[in-house]
Amino acid sequence: MKFIWFFMIITGVLAAIINGNIDKINGVVITNTQDAVMLAIGLIGVMSVWLGLMNIAKKSGLIRKISVMMNPFIRILFPDIPKNHPAIGSIVMNIVANMFGAGNSATALGIKAMEEMQKINPKKERATNAMCMFLVVNMSSVQLVPLSVLKIRADAGSLNPMEIIATSLISTSISTIVGIIAAKLLERVFVYD
């Protein structure tokens, strides 16, 4: 990936030099880097609150209660993970964080879930079906309230940043369902032995 980014940057700089637009690159770098920093600072608050709430929920036992409620669904998606394994809690926390649009905050929870699943992986050099399914669910992630997108829309001056909630819910639900079906079908084709 680093080579692709390097190639794209060098190509852009060379094209600007050839076309005599090097001054535009300087202007864009100054403007866009400032915008990127402001965006990151704006999202820090949302992510900090969300990670704090998730830690409180975990310590208070709320995550365990949500895990129990989601257990039938989780058992269907991840039948290879033993009941009450720590990976289940991390998976549930990741799914909940993604459902509320805190995808960046969910990253740490997703890494923890993968680490826990790797502990029970008999072939450490290969991903298990549960790991693959988790990636599908994590990447497609049903979003009830896309907090990060709402924050970005509000910062950009949207008159109604919440208007995307219904379409976001529909599109992410469809992508998750299609992803789960595809992963389940591929589990049958590529048997993990």
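Above this text is the structure in question.
Residues numbered from 1 in each chain as written. Predicted model: local features only at pLDDT ≥ 70, side-chain atom pairs only at ≥ 80, totals over all residues. Heavy atoms only, no water.

Participant: What should I look at first to understand the overall build of the protein chain in this one?
Facilitator: When helices and strands are tallied, the protein chain shows eight helices and zero strands. Sequence-ordered secondary structure for the protein chain, helices as α and strands as β, is α-α-α-α-α-α-α-α. Here the C-alpha radius of gyration of the protein chain, 21 Å, is well above what a compact globule of 193 residues would show, namely 16 Å. In terms of overall dimensions, the protein chain has C-alpha extents of about 65 × 40 × 30 Å along its principal axes. Look at the contacts in the protein chain between residues 6 or more apart in sequence, and 63% of them connect residues 24 or more apart. Each charge class in the protein chain can be summarised by its mean position, and for the 17 positive and 10 negative side chains these summaries are 10 Å apart. (Helix = DSSP H or I, 4+ residues; strand = E, 2+ residues; numbered from the N terminus. Rg over C-alpha atoms; globule rule 2.2 N^0.38 Å. Contact = heavy atoms within 4.5 Å. Lys, Arg positive; Asp, Glu negative; His and termini not counted. Charge placed at Lys NZ, Arg CZ, Asp CG, Glu CD.)

Participant: What is the right way to look at the nonpolar core in this model?
Facilitator: Ile74, Phe78, Ile81, Ile91, Val92, Met117 and Met133 are the most contacted members of the largest nonpolar core, which has 29 residues in total. Among the secondary structure elements, those contributing two or more residues to this core are helix H2 (22–60), helix H3 (62–77), helix H4 (86–99), helix H5 (103–119), helix H6 (129–140) and helix H8 (165–189). For this core, the element with the most residues is H4, which contributes eight residues. Once residues within four sequence positions are removed from consideration, isoleucine 81 is found in contact with Arg75, Ala87, Ile88, Ile91, Met117, Ile120 and Ala130. (Core = buried A, V, L, I, M, F, W, Y, C linked by side-chain atoms within 4.5 Å. Buried < 20%, exposed > 50% of the residue type's maximum accessible area, 1.4 Å probe, protein only.)

Participant: Sorry if this is basic, but what is going on with the environment of phenylalanine 134 here?
Facilitator: Structurally, phenylalanine 134 can be placed in helix H6. As a C-alpha pair, phenylalanine 134 and phenylalanine 78 span 56 residues in sequence and 8.1 Å in three-dimensional space.

Participant: Please clarify how a nonpolar patch on the surface should be interpreted in this entry.
Facilitator: Together, Met1, Ile4, Trp5, Phe7, Met8 and Ile9 make up a nonpolar patch on the protein surface, roughly 720 Å² of accessible area in all. The topology assignment puts methionine 1 in the segment before helix H1 (2–18). On the accessibility criterion, methionine 1 (67% relative accessible area) is exposed. (Patch = residues over 30% accessible without salt bridge, like charges linked within 9 Å, V, L, I, M, F, W, Y side chains within 5 Å. Areas by Shrake-Rupley, 256 points an atom, 1.4 Å probe, with all protein chains shown as cover. Salt bridge = Lys/Arg side-chain N within 4 Å of Asp/Glu carboxyl O.)

Participant: Quick question: what am I supposed to make of H8 here?
Facilitator: One turn of an α-helix holds 3.6 residues; hence residues three or four places apart share an orientation. Compared with an ideal rise of 1.5 Å per residue, which puts 25 residues at 36 Å, H8 spans 36 Å between its outermost C-alpha atoms and is within 8% of the ideal. On its buried face, H8 is in contact with H3 and H6. (Expected span 1.5 Å × (residues − 1).)

Participant: Honestly, H6 in this entry has me stumped. Any pointers?
Facilitator: Along its twelve residues, H6 runs 17 Å from first to last C-alpha, staying within 8% of the 16 Å computed at 1.5 Å per residue. Among all positions of H6, only Asn129, Ala130, Met131, Met133, Phe134, Val137, Asn138 and Ser140 are buried. Serine 141 lies just past H6 and shows a positive phi near 30 degrees.

Participant: What is the right way to read the pattern of salt bridges from this model?
Facilitator: Oppositely charged side chains are able to pair whenever their charged atoms sit close together. Counted according to the given criterion, the structure contains four salt bridges. As a salt-bridge pair, lysine 112 and glutamate 116 come within 3.1 Å of each other at their nearest N and O atoms. Taken together, the positions of lysine 112 and glutamate 116, both in helix H5 and four residues apart, correspond to about one turn of that helix. Taking the relative accessible area as the measure of exposure, lysine 112 reaches 35% and is therefore partly exposed. By relative accessible area, glutamate 116 is classed as buried at 7%. Here glutamate 163 ties to arginine 153 by a salt bridge, and the two come within 2.9 Å at their closest N and O atoms. Of this pair, glutamate 163 sits in the loop between helix H7 (147–155) and H8 while arginine 153 sits in helix H7, and the two are ten residues apart along the sequence. For arginine 153, a relative accessible area of 21% puts it in the partly exposed group.

Participant: What am I meant to see in the side chain of serine 141 here?
Facilitator: Mapping serine 141 onto the fold places it in the loop between H6 and H7. Dropping the residues within four chain positions of it, serine 141 is found in contact with Asn98, Thr172 and Thr176.

Geometric values such as these leave the question of function open.
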